[in-house]
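Fold and geometry: a report
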Amino acid sequence: MLENYQLPLKETTNQLLLISKDGIILDAKTNVFKNCIGKSIIDLHPFFYSLIDLLTLKENTFNFDCINLEIEGKNYTLDAILHTNIEKEHSIFVFQDLTKQYTLYQKMAQRKNVSEIKKQLLDYNNTILQEKETFKNTFIANFSHEIKMPISTINGFTRLLENTNLEQSQRYNLKVIKNTNDKLNTMISDIIDISKIETNRFSILPIRYNLIEELNTIATIYTAKSKEKGLELHYTLDPNCPKYVVGDKYRLVQILNNLVGNAIKFTQAGTVALKINCVSTNNNTAQIEFSIVDTGIGIEKNQIESIFNGFYQINNNLINNNGAGLGLSITKKLIHQLGGKIQVNSEIDKGSIFKVFLDFEISQNQKEDEGEEITKIVKTTSKNDFKILLAEPLPINQKKLLKIISQIKNCDIVIVDNGDKVIEELYKSNFSLVILNLKLPTMDGLDTARFIRHSDYKEISKTPIIILSEKPSKKEEAYCKERRVNSYIGKPFDKSEIIRKIKYILKKKQAK
Amino acid sequence: MKISKKIVLLGHFGVGKSSLIRRFVENTFSEDYKVTIGVHIFKKNVSIPEKGTDVSLVLWDLEGNDDISNTRLSYLIGTHAFIYVYDVSRPATYKNLESELEFLKEKQKNTPITVVGNKEDLVTKTYLKQNVDDFGSLTDLYVSAKTGHKVDFLFSKLAEALI
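Residues numbered from 1 in each chain as written. Chains lettered and ligands numbered in written order. Predicted model: local features only at pLDDT ≥ 70, side-chain atom pairs only at ≥ 80, totals over all residues. Heavy atoms only, no water.

An unreviewed UniProt entry lists chain B under the name GTP-binding protein, from Lacinutrix venerupis.

Okay, structure coming up:
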C-alpha cells in the first residue's frame, strides 16, 4: 500500500535516462527532459558534453552534485549519478531534483558569503588605514627630528652667546631668541612624543630619583613664573610622600610642566595651587595625587572631554594662546603610559582643578646616594689629551662606567643624563669621544647619534660615538651602523671590551 | 561535428566568476551579488577567423571556495582549460594563489591555466604595480566584468589557443 504513496514522490524527484555508448537516449523516466528518447544527450544540455567520453569506460560510477540546469526556461538543481556500462554497454543517468533544498542552502550561503566578503574588505581597508597612519606618524616623527636639529643648533649657539660680553639690548634680544626657540622645541618634542606613542615606539625610562627635590624644583620655577604674571603659586607637599622613587622622572616633570604651565597661562588674576598628596602607601608603592588648581577662565562642561584631543585650542581671544594645542593631549597620553589617570573639574570664570593620580615604586634605598652627585660633574685634570662625553641616565651606571673609563689616562670625562644635554655639551666644547646609552631621556641614543652625524659642524659630526645597549639585538646594531656609530657594545658590559674600544678610538683620533 | 571545449572557472567566492561569464555570454552585468552553489553550465560559440573555424565554449561556473582542495573533483572531468579568477581588491582571494595553482596542476597535469585578476576597475594601475609581488608575476590578465575590459579578449584568446 505504501508503494502507492511512494510512487508519485519518486516520480517527481527522480529522473532516469538510459543511454547508449554513443550518447543516444534509449529510454527515459523523467519530467525534466521531455521528449528526449532518441536524441543525443549533448543536445539536451551543454552539461553532458564533457561526459560523453565516460560512456565508453568500463563499469564505473560518477557523482555530480548540485548541477544547475536551465531546461526550457525552468531552473533545476539536481544531483546526478552516472553508472557507466552497466548492461549491454548502456549507461544510466540518475538525477534527483533537489531544487527546493538547494534553494534554501543557497540563501544561507548568500548570507554567509556576503558577510564574509564585507569582513574581508573591512579588514583590508583597516590594514591600509593603519599602514597610512603608521606612514604618517613615521613621516611626522622623522620630519620633526629634522626640525629639532636646527632648533638644537640655535639652542647651542644661544648658550655660547650668553657667556660672552653683551650689551643689555643684545642680551634682551638673545633672551627673546632663546624663549622662542624653547617654545618651538617644546612643540616639536610634543609632536615627536605623540607620534612615538601612536606608533608604539614610546618607552618609559625608569630611574631612581629624589621625588621631593624634583617637585620642589618645579614649584620654585613656577613660583617665579607666577610672580612675573602677578599671580601667587600655593605649593603644598604631603610629608608622607616617599623621598626616593623609581620611575620616569622626565615624564613626571613634563606632565607637571604642562599642567602648571597651563594653569598660569589661563589665569589672569588670583592664585594657582600645586598640591601633592600621598593617597596610599605600602612597602613597594605609593599612590600620589597631584592637584593643580587655578582661578582662571575655566572650561565649558561640554568642552572638557575635547581638551585632551590633539590640536585643541581654548577659544578665548583674551589669551595669547599660542602653541600646537598638543600639551593636554600628550599629558593624558603620558599619564596613561605611566599607568595613571587624570580628572578635570572646571567652571567658567571660576577656574579649573586637574587631578593626576600616579603610582610610584618606592626605592628600597631611601638614603642619599653618592652616585647621584656624579651627574654633571666634570672630572678635569690639567691639560689632558682627551675629553670624553658620557651620556647615561642611571646614577648607579654612571658610577660604574666612570670607574671603568677613569682607568684611561689623560682623559677628562663629562657626564650627562639625557640626549638634549649631549647636544648642549657638544656646542660648548670639542670631545674626543661620545659614549651614549641607547635609552636616554629627551632624545634617545640613536636620535642623538643621528643628530651628531647630521650636524653642519664638522667638529660635532666627526665625533666618534660608542653606543651602549642594555638589550642588544642585530636589528639595533644595524640601526647603529646606519647612523655611522663607531662601536656598539651590548650588555653584559665587559670592562676590558669597553676600555679596548675606547683606547682604539682615542688612538686613531690621536694619529689624525 | 562542431569543436567544443570545456572551460572551468575557479576561485574564491565573490571574485566575479559568474559575472565574467555573464558579460561574455550575454554582455550584461549586475552589481547584485548572487552566490553560486554547485555549478552552472553555459555555452557560447566563438568564431576564430584566423583558423577559419568556430568553437563552442562550454563554460563551467563553479561555486567559489576559499580552499581549492574542497572543489568537487567530478566537475573537473574532461576539462580543456582552467580560468582561475581572483579579486584584485580583496587580498584574501589571492593570498594563496601560488599553492592553489599548484593544486590544480597536480590534479590536471596537462590542462592549461589562465590566471585572471578581476575587478581591475576598482583599483589603479599603480596599485597593480605595487602588488606585483603578491599576484603580478602569476597573473595573465587583468579584467573587469563590470566594464567588460578584456573579457572577450580573455575567452577568444583561450579558444584560439585550444584549437
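1. A short note on the overall build of chain B
Within chain B one finds four helices and six strands. Ordered by position in the sequence, the α and β elements of chain B form the string β-α-β-β-β-α-β-α-β-α. Relative to the compact-globule value of 15 Å for 163 residues, chain B shows a C-alpha radius of gyration of 15 Å, a close match. By its C-alpha atoms, chain B is 45 × 30 × 30 Å across when sized along the principal axes. Counting across all 163 residues of chain B, residues that qualify as buried make up 54%. (Helix = DSSP H or I, 4+ residues; strand = E, 2+ residues; numbered from the N terminus. Rg over C-alpha atoms; globule rule 2.2 N^0.38 Å. Buried < 20%, exposed > 50% of the residue type's maximum accessible area, 1.4 Å probe, protein only.)

2. Focus: the side chain of Glu 425 of chain A
All names here are of chain A. Tracing the backbone through its elements, the reader meets Glu 425 in helix α9 (residues 419-428). Residue classification places Glu 425 among the buried residues on the basis of a relative accessible area of 16%. What Glu 425 contacts, discounting residues up to four positions off in sequence, is Leu 389, Val 414, Val 416 and Phe 431. (Contact = heavy atoms within 4.5 Å.)

3. Quick notes on the packing of aromatic side chains
Residue and element names in this part refer to chain A. On inspection of all chains with the given rule, the structure shows 17 aromatic pairs over all chains. Measuring from ring centre to ring centre gives 5.3 Å for Phe 48 and Phe 93, while their planes differ by 80 degrees; the resulting arrangement is edge-to-face. You can see Phe 48 sitting in the loop between α2 (41-44) and β3 (60-71) and its partner Phe 93 sitting in strand β5 (residues 90-97), a full 45 residues away along the chain. Here Phe 48 and Phe 93 have matching classes, each one buried. (Phe/Tyr/Trp six-rings, centres within 6.5 Å; stacked < 30°, edge-to-face > 60°.)

4. Observations regarding the nonpolar core
If you look at the biggest cluster of nonpolar residues, it comprises 58 residues, and the most contacted ones within it are Leu 17, Phe 33, Phe 47 and Phe 93 of chain A. Of the residues forming this core, the biggest block, six residues, is contributed by β3 of chain A. Ignoring sequence-local partners within four residues, the contact set of Phe 47 of chain A consists of Phe 64, Ile 67, Leu 69, Phe 93 and Phe 95 of chain A together with Ile 41 and Trp 60 of chain B. Grouped together as the second largest cluster of nonpolar side chains are 45 residues, Ile 197, Ile 276, Ile 304 and Ile 330 of chain A included. (Core = buried A, V, L, I, M, F, W, Y, C linked by side-chain atoms within 4.5 Å.)

5. Observations concerning unusual backbone geometry
Residue and element names in this part refer to chain A. Of the consecutive residues Lys 491 and Pro 492, the connecting peptide bond is found in the cis state with omega at 0 degrees. Mapping Pro 492 onto the fold places it in the loop between β18 (487-490) and α13 (495-511). For Asn 85, which is not glycine, the phi dihedral falls at a positive 50 degrees. The residue Asn 85 is located in strand β4 (residues 74-87) in this model. The backbone of Arg 484 shows a phi angle near 55 degrees, a positive value even though the residue is not glycine.

6. Here's the deal with the interface of chain A and chain B
Listed by partner, the interface residues are 27 residues for chain A and 29 residues for chain B. Across the interface of chain A and chain B, roughly 2400 Å² is buried in total on both sides, 67% from carbon and sulfur atoms. Ranking the residues of chain A by area buried against chain B places Tyr 49, Asn 68 and Tyr 124 of chain A at the top, with a combined share of 24%. Inspection of the region where chain A meets chain B yields one salt bridge. For Asp 65 of chain A, the salt bridge goes to Arg 72 of chain B, with nearest N and O atoms at 3.9 Å. Remark: the boundary between chain A and chain B carries twelve residue pairs in polar contact (both at pLDDT 80 or more). Listed by contribution, the elements that provide at least two residues to the side of chain A that touches chain B are β3 and α3 (99-162) of chain A. At twelve residues, the largest contribution of residues to the side of chain A that touches chain B is made by α3 of chain A. Residue composition of the side of chain A that touches chain B, by class: 17 nonpolar, eight polar and two charged. By the bridge criterion, two bridges tie β3 of chain A to strand β2 (residues 39-48) of chain B in an arrangement that is parallel. (Buried area = accessible area lost by both parts, 1.4 Å probe. Salt bridge = Lys/Arg side-chain N within 4 Å of Asp/Glu carboxyl O. Polar contact = N/O pair within 3.5 Å; in protein donor to acceptor, adjacent residues only side chain to side chain. Nonpolar A, V, L, I, M, F, W, Y, C, P; charged D, E, K, R; others polar. Pairing = 2+ DSSP bridges.)

7. Overview of the pairing of β2 of chain B
Residues and elements named next belong to chain B. Of the strand pairs in this sheet, β2 and strand β3 (residues 53-62) are connected by ten bridges, and their pairing is antiparallel. Pairing of Ser 47 across the sheet is with Asp 54, part of β3. From the end of β2 to the start of β3, which pair antiparallel, there are four residues, and Gly 52 there has a positive phi angle of about 60 degrees.

8. With respect to the domain arrangement of chain A
On domain assignment, one finds that chain A holds domain 1 (2-97), domain 2 (128-198), domain 3 (207-362) and domain 4 (371-511). A straight line from the C-alpha centre of domain 1 of chain A to that of domain 2 of chain A covers 82 Å. (Domains from an automatic or database assignment.)

9. Points about the pattern of salt bridges
Summed over the entire model, instances satisfying the criterion amount to 23 salt bridges over all chains. Lys 146 of chain B is the salt-bridge partner of Glu 31 of chain B, the closest N and O atoms lying 2.9 Å from each other. One end of the pair, Glu 31 of chain B, is in the loop between α1 (17-26) and β2; the other, Lys 146 of chain B, is in the loop between β6 (141-142) and α4 (151-162), with 115 residues separating them in the sequence. In this structure Glu 31 of chain B comes out as exposed when scored by relative accessible area, which is 57%. Residue Lys 146 of chain B is classed as partly exposed on the basis of its relative accessible area of 38%. Each of Asp 65 of chain A together with Glu 63 and Arg 72 of chain B takes part in one network of salt bridges that share partners.

10. Description of the packing of helix α6 (residues 249-265) of chain A against helix α7 (residues 327-337) of chain A
Packed helices, taken two at a time, are described by the angle between their axes plus the distance between the axes. Residues and elements named next belong to chain A. Two elements in contact, α6 and α7, have axes whose closest approach is 10 Å; the angle formed by their N-to-C orientations is 145 degrees. Viewed along their axes, α6 and α7 form a crossing whose handedness is left-handed. For the pair formed by α6 and α7, the contact residues are Arg 251, Gln 254, Ile 255, Asn 258, Leu 259 and Asn 262 on the first element and Gly 327, Leu 328, Ile 330, Thr 331, Leu 334 and Ile 335 on the second. (Axes fitted to C-alpha atoms, helices over the stretch in contact; angles between N-to-C directions. Left-handed = near helix turned anticlockwise from the far one by under 90°.)

11. A word on helix α5 (residues 211-228) of chain A
Residue and element names in this part refer to chain A. Its 18 residues place the ends of α5 26 Å apart at the C-alpha level, agreeing with the 26 Å of an ideal helix rising 1.5 Å per residue. Among the residues of α5, the N-terminal cap falls to Asn 210, whose side-chain oxygen and the backbone nitrogen of Ile 212 are separated by 3.2 Å. Just downstream of α5 lies Gly 230, where phi reads positive at about 80 degrees. (Expected span 1.5 Å × (residues − 1).)

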